[in-house]
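# Structural overview
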Amino acid sequence: MDGRSFRDLGMPVLAPLGRAGIVAIFTVFMLLKREDLRNRFLRLAGHGQLNIMTQALDDASGRVSRYLLMQFLVNAGFGALFGFGLFCIGLPNPALWGVVAGMLRIVPYVGTLIAATLPIALSVAVFDGWLSPLLVFVLVVGLELIVANFIEPWLYGAHVGSLRWRCW
């Protein structure tokens, strides 16, 4: 194969990886230099609104931090329960599938679907009959319904949306 063929094969994979790398670098930079970015934003808004802008930025950063913490705790709990359920079913490597499910649940809409597909396919390959794949499916659907419809709204509503101040 010549160099052009390798480039044609690699571009669909390398372009998204490059974008993800740039996003990761900017995210780390913004997290490390958050005070400097806040000060620049305050200078941009003007000195007359300095107190209100500082309160607004502190409140916004606190809410985002609480949201991300709650998101991490919910996904970690989902992964732990999923792994324990797979352990009870008897699927090989349940801790691995629990960690994968917790990590993939961050991806909206399709993360849980992808996380469920892999253990279901493994249970079809490992076990005789359809009971174990059906149990894995019921486990995923049951956990997702409970977490998405009850746990997340309760946690996010109780811990993320509280107002500490009002500027109007």
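These lines cover the structure that appears in this document, whether it is placed above or below. Every residue gets a number counted from 1 within its own chain, in the order that chain's sequence is written. The model is predicted, so local features are restricted to residues of pLDDT at least 70 and side-chain atom pairs to those at 80 or more, both for listing and for counting; the totals for chains, interfaces and linings are taken over all residues. Water and hydrogen atoms play no part in the side-chain values, which are based on all heavy atoms of the structure.

Right, let's talk about the overall build of the protein for a bit. Within the protein, the secondary structure is distributed over six helices and zero strands. Going along the chain from the N terminus, every DSSP run of H or I of four or more residues is numbered as a helix, and every run of E of two or more is numbered as a strand. In the protein, the order of α-helices and β-strands from amino to carboxyl end is α-α-α-α-α-α. Restricting the calculation to C-alpha atoms gives the radius of gyration, and the globule rule supplies 2.2 Å times the number of residues raised to the power 0.38. A globule of 168 residues ought to have a C-alpha radius of gyration of about 15 Å, yet the protein, at 22 Å, is considerably larger. When the backbone C-alpha atoms are referred to their principal axes, the protein occupies close to 70 × 55 × 20 Å. Looking at the 168 residues of the protein, the share that counts as buried comes to 24%. Considering only contacts within the protein whose residues lie at least 6 apart along the sequence, 62% involve residues at least 24 apart. Charge convention: Lys and Arg are scored as positive, Asp and Glu as negative, and His as well as the terminal groups of each chain are ignored. Where a charge lies is defined by one atom per residue type: Lys uses NZ, Arg uses CZ, Asp uses CG and Glu uses CD. Taking the average place of the 13 positive charges on the side chains of the protein and the average place of its 9 negative ones, the gap between the two points comes to 11 Å. When accessible area is computed with a 1.4 Å probe and restricted to protein chains, residues below 20% of their type maximum are described as buried, those above 50% as exposed, and intermediate ones as partly exposed. A contact between two residues is defined here by any heavy atoms of the two lying within 4.5 Å.

Right, let's talk about the environment of Arg 63 for a bit. Secondary-structure assignment places Arg 63 in helix H3 (residues 50–89). Measuring from C-alpha to C-alpha, the distance between Arg 63 and His 159 comes to 8.5 Å, with 96 residues separating the pair along the chain.

So, on to unusual backbone geometry. The phi torsion of most residues other than glycine is negative, and most of the peptide bonds are trans. Despite not being glycine, Asn 93 has its phi angle at roughly 55 degrees, a positive value. With respect to the element layout, Asn 93 can be found in the loop between H3 and helix H4 (94–104). The class of Asn 93 is exposed, set by a relative accessible area of 52%. For Tyr 109, which is not glycine, the phi torsion reads 70 degrees and is therefore positive.

With that settled, consider the nonpolar core. In terms of nonpolar packing, the biggest core is built from 17 residues, with Phe 82 and Leu 86 touching the most fellow members. When residues of this core are traced back to their parent elements, those giving at least two are H3, H4, helix H5 (111–126) and helix H6 (131–159). Dropping the residues within four chain positions of it, Leu 86 is found in contact with Leu 91, Pro 94, Trp 97, Pro 119, Val 136 and Leu 139. Nonpolar cores were defined as sets of buried Ala, Val, Leu, Ile, Met, Phe, Trp, Tyr and Cys residues, with membership established by side-chain atoms within 4.5 Å.

A patch is a set of surface residues, each over 30% in relative accessible area and not in a salt bridge, joined within 9 Å for like charges and within 5 Å for the nonpolar side chains Val, Leu, Ile, Met, Phe, Trp and Tyr. Every accessible area reported is derived by Shrake-Rupley at a probe size of 1.4 Å, with residue values counting cover from the shown protein chains alone. Salt bridge, as applied in this entry: a Lys or Arg side-chain nitrogen positioned within 4 Å of an Asp or Glu carboxyl oxygen. Taken together, the side chains of Ile 22, Phe 26, Phe 29, Met 30 and Leu 37 present a nonpolar region at the surface, about 490 Å² in accessible area. The leading source of residues in the nonpolar patch is helix H1 (residues 3–32), at four residues. Following the sequence through the fold, Ile 22 ends up in helix H1.

A few words on the packing of aromatic side chains. When two rings of Phe, Tyr or Trp (its six-membered ring) have centres within 6.5 Å they constitute a pair, described as stacked for plane angles under 30 degrees, edge-to-face for angles over 60, and tilted for the intermediate range. Summed over all chains, the structure comprises two aromatic pairs. Here the aromatic rings of Tyr 67 and Tyr 156 are separated by 5.2 Å at their centres, their planes lie at 50 degrees, and the arrangement is tilted. Of the two residues, Tyr 67 sits in helix H3 while Tyr 156 sits in helix H6, which places them 89 residues apart along the sequence. Taking relative accessible area as the criterion, Tyr 156 reaches 17% and is therefore assigned buried. The ring of Phe 78 carries Arg 105 above its face, with NZ or CZ at 5.1 Å from the centroid. For a ring to carry a charge above it, either NZ of a lysine or CZ of an arginine must fall within 6 Å of the ring centroid while also lying within 35 degrees of the normal to the ring plane.

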